[in-house]
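# Structural overview
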Amino acid sequence: MELWKTVILGLLGGMGLLLYGMFIMSEGLQKIAGHRLRSILSTLTHNRFTALIVGALVTMLFQSSTATTVILVGLTSASIMSLKQTLGVILGSDIGTTVTAQLIALKVTEISLPIVGIGATIIFFSKRDKYKRVGQVLLGFGLLFLGLKMIADTMQPLKDEPFFRQMLMSAGDYPLLTVAAAALFTFLVQSSAASVGIIMIMAMQDLVSLHSAIYLLFGANIGTSFTAVLSSLGSSREAQRVATAHLMFKIAGVLILMPFVNPYALLMTKITASPGYQVANAHTVFNIGIAVIFLPFINQFARLLEIIVPERKLPREKLLKPKYLDDKLINTPSIALGLASKEINHAADQVFDMTQSIIKIFEKSDIDLLDKINKKEDYLDILCKSITNYLTSVMRQPLSRKEFYRSMSHMHIINDLEHIGDIIEKDITYIASCKISQRCQFSEAGWEEIKDMHRRLGDLMRMANIALSSNDAELAVEAIKGHPELARMERRLRAQHFNRLKDGTALSISTSALHLDLINSFLRISEHIRNICHEIVIIQGNDSDINYGHLIDDKTISCDDYTIAINN
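Residues numbered from 1 in each chain as written. Predicted model: local features only at pLDDT ≥ 70, side-chain atom pairs only at ≥ 80, totals over all residues. Heavy atoms only, no water.

### A few points about the overall build of the protein
Along the protein, the regular secondary structure elements total 25 helices and zero strands. Split into buried and exposed, the 568 residues of the protein put 53% on the buried side. Sequence separation of 24 or more characterises 81% of the internal contacts of the protein that already satisfy a separation of 6 or more. Carbon and sulfur atoms make up 60% of the accessible area of the protein, which totals about 25,700 Å². (Helix = DSSP H or I, 4+ residues; strand = E, 2+ residues; numbered from the N terminus. Buried < 20%, exposed > 50% of the residue type's maximum accessible area, 1.4 Å probe, protein only. Contact = heavy atoms within 4.5 Å. Areas by Shrake-Rupley, 256 points an atom, 1.4 Å probe, with all protein chains shown as cover.)

### Topic: helix 19 (residues 367-395)
The end-to-end C-alpha separation of helix 19 is 42 Å, in line with the 42 Å expected for 29 residues at 1.5 Å each. Taken as a whole, helix 19 has its buried residues at Leu369, Leu370, Ile373, Glu377, Tyr379, Leu380, Leu383, Cys384, Ile387, Tyr390, Leu391 and Val394. (Expected span 1.5 Å × (residues − 1).)

### A few points about the packing of aromatic side chains
Evaluation of the coordinates by the stated rule reveals nine aromatic pairs. Relative to Phe218, the ring of Tyr215 has its centre 6.3 Å away and its plane inclined at 75 degrees; by these criteria the two rings are edge-to-face. Here Tyr215 and its partner Phe218 are both found in helix 11 (residues 210-223), three residues apart, which amounts to about one turn of the helix. Overall, Phe218 belongs to the buried group, its relative accessible area being 1%. (Phe/Tyr/Trp six-rings, centres within 6.5 Å; stacked < 30°, edge-to-face > 60°.)

### Regarding the pattern of salt bridges
Within this structure, the stated rule accounts for eight salt bridges. Linking Asp427 and Arg524 is a salt bridge whose minimum nitrogen-to-oxygen distance equals 2.9 Å. Linking Asp427 in helix 20 (residues 401-438) with Arg524 in helix 24 (residues 512-544), this pair joins segments that are 97 residues apart in sequence. On the basis of relative accessibility, which here comes to 25%, the residue Asp427 falls in the partly exposed class. Note that Arg455 and Asp452 form a salt bridge whose closest N and O atoms lie 3.0 Å from each other. One end of the pair, Arg455, and the other, Asp452, are both in helix 21 (residues 444-470), three residues apart, so they sit about a helical turn from each other. The exposure class of Arg455 is partly exposed, given its relative accessible area of 48%. (Salt bridge = Lys/Arg side-chain N within 4 Å of Asp/Glu carboxyl O.)

### Some remarks on unusual backbone geometry
A positive phi angle is found at Asp206, which is not glycine, with a value near 60 degrees. Along the chain, the position of Asp206 falls in the loop between helix 10 (192-204) and helix 11. Here Asp206 falls in the partly exposed class, since its relative accessible area comes to 41%. One non-glycine residue, Asn471, lies in the positive phi region at around 55 degrees. Relative to the helices and strands, Asn471 is located in the loop between helix 21 and helix 22 (473-503).

### Quick word on helix 18 (residues 333-364)
The terminal C-alpha atoms of helix 18 lie 46 Å apart, and with 32 residues this matches the ideal 46 Å at 1.5 Å per residue to within 8%. Taken across its 32 residues, helix 18 has 25 buried, putting it largely inside the fold. Count one or two residues on from helix 18 and you reach Ser365, which has phi positive near 50 degrees.

### With respect to empty space enclosed by the protein
The full count for this structure, using the stated rule, is one cavity of 30 Å³ or more. Computed from the structure, the largest cavity encloses a volume of approximately 50 Å³. Taken together, Ala348, Leu417, Ile420, Met461, Ala464, Asn465, Leu468, Ile529 and Ile532 form the lining of the largest cavity. For the lining of the largest cavity, the secondary-structure elements that each account for two or more residues are helix 20, helix 21 and helix 24. Among the elements that make up the lining of the largest cavity, the one with the highest residue count is helix 21 (four residues). Per-class residue counts for the lining of the largest cavity are eight nonpolar, one polar and no charged. (1 Å grid on protein atoms, 1.4 Å probe; cavity = no way out; pocket = protein on both sides within 12 Å on 5 of 7 lines; lining within 4 Å. Points joined across faces, edges and corners; volume = space filled by probe spheres on them. Nonpolar A, V, L, I, M, F, W, Y, C, P; charged D, E, K, R; others polar.)

### Concerning the packing of helix 11 against helix 15 (residues 275-294)
Relative orientation of the contacting elements helix 11 and helix 15 amounts to 45 degrees, with a least axis distance of 10 Å. Relative to helix 15, helix 11 is oriented oblique. Two packed elements cross with a definite hand, and for helix 11 against helix 15 that hand is right-handed. Two secondary-structure elements touch here, helix 11 through Leu210, Ala213, Ile214, Leu217, Phe218 and Asn221 and helix 15 through Gln278, Val279, Ala282, His283, Phe286 and Asn287. (Axes fitted to C-alpha atoms, helices over the stretch in contact; angles between N-to-C directions. Parallel < 35°, antiparallel > 145°, perpendicular 65-115°, else oblique. Left-handed = near helix turned anticlockwise from the far one by under 90°.)

### Focus: a nonpolar patch on the surface
On the surface, Ile8, Leu9 and Leu12 cluster together to form a nonpolar patch covering roughly 320 Å² of accessible area. Locating Leu9 in the fold gives a position in helix 1 (residues 2-43). Assessed through its relative accessible area of 54%, Leu9 is described here as exposed. (Patch = residues over 30% accessible without salt bridge, like charges linked within 9 Å, V, L, I, M, F, W, Y side chains within 5 Å.)

### As for the confidence of the model for the protein
Per-residue confidence for the protein gives a mean pLDDT of 80; residues scoring 70 or more make up 83%. Counted against residues more than four places away or in other chains, residues 314-318, with its pLDDT under 50, gives two contacts. Contacts for the low-pLDDT stretch residues 545-568, under 50 throughout, to residues beyond four places or in other chains number 37 contacts. (pLDDT = per-residue confidence, 0-100.)

### A short note on the side chain of Thr429
Summarising the element assignment, Thr429 is placed in helix 20. Overall, the relative accessible area of 6% leaves Thr429 in the buried class. Excluding residues that lie within four positions of it along the chain, Thr429 makes contacts with Leu370, Ile373, Asn374 and Ile424.

### A closer look at the packing of helix 4 (residues 83-96) against helix 13 (residues 237-257)
Helix-helix packing: each pair is described by the crossing angle between the helix axes and the interaxial distance. Contact pair helix 4 / helix 13: the axes reach a minimum separation of 10 Å and the direction vectors enclose 35 degrees. Crossing of helix 4 against helix 13: the hand is right-handed. Here Leu83, Thr86, Leu87, Ile90, Leu91 and Asp94 of helix 4 lie close against helix 13, whose contacting residues are Glu238, Arg241, Val242, Ala245, His246, Phe249 and Lys250. Classifying every residue of the contact of helix 4 with helix 13 by side-chain character gives seven nonpolar, two polar and four charged.

### A short note on the environment of Gly119
Among the structural elements, Gly119 can be located in helix 6 (residues 112-125). Accessibility expressed as a relative area gives 0% for Gly119, which makes it buried. Along the sequence, Gly119 and Leu138 sit 19 residues apart, while their C-alpha atoms lie 4.8 Å from each other.

Put into structure tokens, the structure is as follows:
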């Protein structure tokens, strides 16, 4: 009884160290390379072979194919990556996760304590965040293998327990049950690396035969895909297809190899006599084999997934929700900020459509169009509130300096977009409804002036939206320069309207208040567009370490000024 108590406590402690080590190592790596991760995954995965390599490398870093797949689910849900792109990455991630098994076979666990010591020393004595993150990665890496070493030491006495030894050695006699048990365990710990590590330790201590270990490996490979399936529930159909693909790759690989376990085990024993290497090689060859089999048929597999997981028609209340935000990726700030950027672009498109529709209301005196704009503004409110809450949650995570400034700029941009929507809903639609109800008309000259100012405003907003979606600081600067021109135009049009009043133009007299309020609303919208472009300049300056302050007039703050303002 005392032995089992010691074993259970040792296993719990070892698993805790292992999982915590993986967590802080992954977190440290995301801080180091996270801001590049989204662009790497979205740009280097158009070719299936480069996608395979990228998937393997990313998973080698994070030491978790589950983490990679969950990130892919979020990116496809946000339409940043297509299904075909992700399939190659998934196959690569399965190869990347086998590196941990090879390191265990190399007995890296024996140097886990020095690695922990080096990592902790760097964290405590470094003053720069960059070095602290490196220390965090080393500490996590060391704790991971220290946890495995503790599990190995704890399980050592079980070799002399006949019941436990007999139970494990007979696992190969019940292959389906063994696969299911390993899959369940892997799902619960949410780490195939942990499961494979334990299987290798049992093999190295002669607690399981190679046949039993292979069945356990099959289960571990299937179990690691369950987390991604759960994370995709409630996401877009494309995201669900990604998770389903990971599960299907694993199940198909197991079904293909299950009848050939005996010759497969024999092949592993001919490659090496070491039980640890035999299990590690079995795991590696299995995942490489899946990639070799399925990589040439990615296009066909994508079409099959579209049949298995078809599109669905959503009710209106489902459509009135953010398209790209994914709460499951909040703890991955680099990806979450990319999703927030996509959603902000979506909100900016709604604002642009509303602005473009303004002139049609006055032109056609259309009440139905007025109602459509008000409904669009309601949707904009939902988007702005959702994005603000999402960014607030992201800012509670550990962020790099650039990520923090980017979050703040996103907050300012969404605030300005919301203000533009409010101006259109509360002011311009009120002016339009007054004009329609009173059945009054602008003078011919006044109407041409309004259309001209609206056209200039539309050009300014189009320029700002393109700059926002493409992170083009120079285009944003050009848009900023357009605001003073619009301000001068508003003053000129006001003066010309007063001249018509002085001349006694009847239509100008009857619509004077409406005319002046409308061009003033256009000017206020242009002020918020200018503010948005300021933030684009700041974001781009912080992302590239280039000060764009010199590109705009003296009233524009530079990135350094913004940094000082935030810190103070």
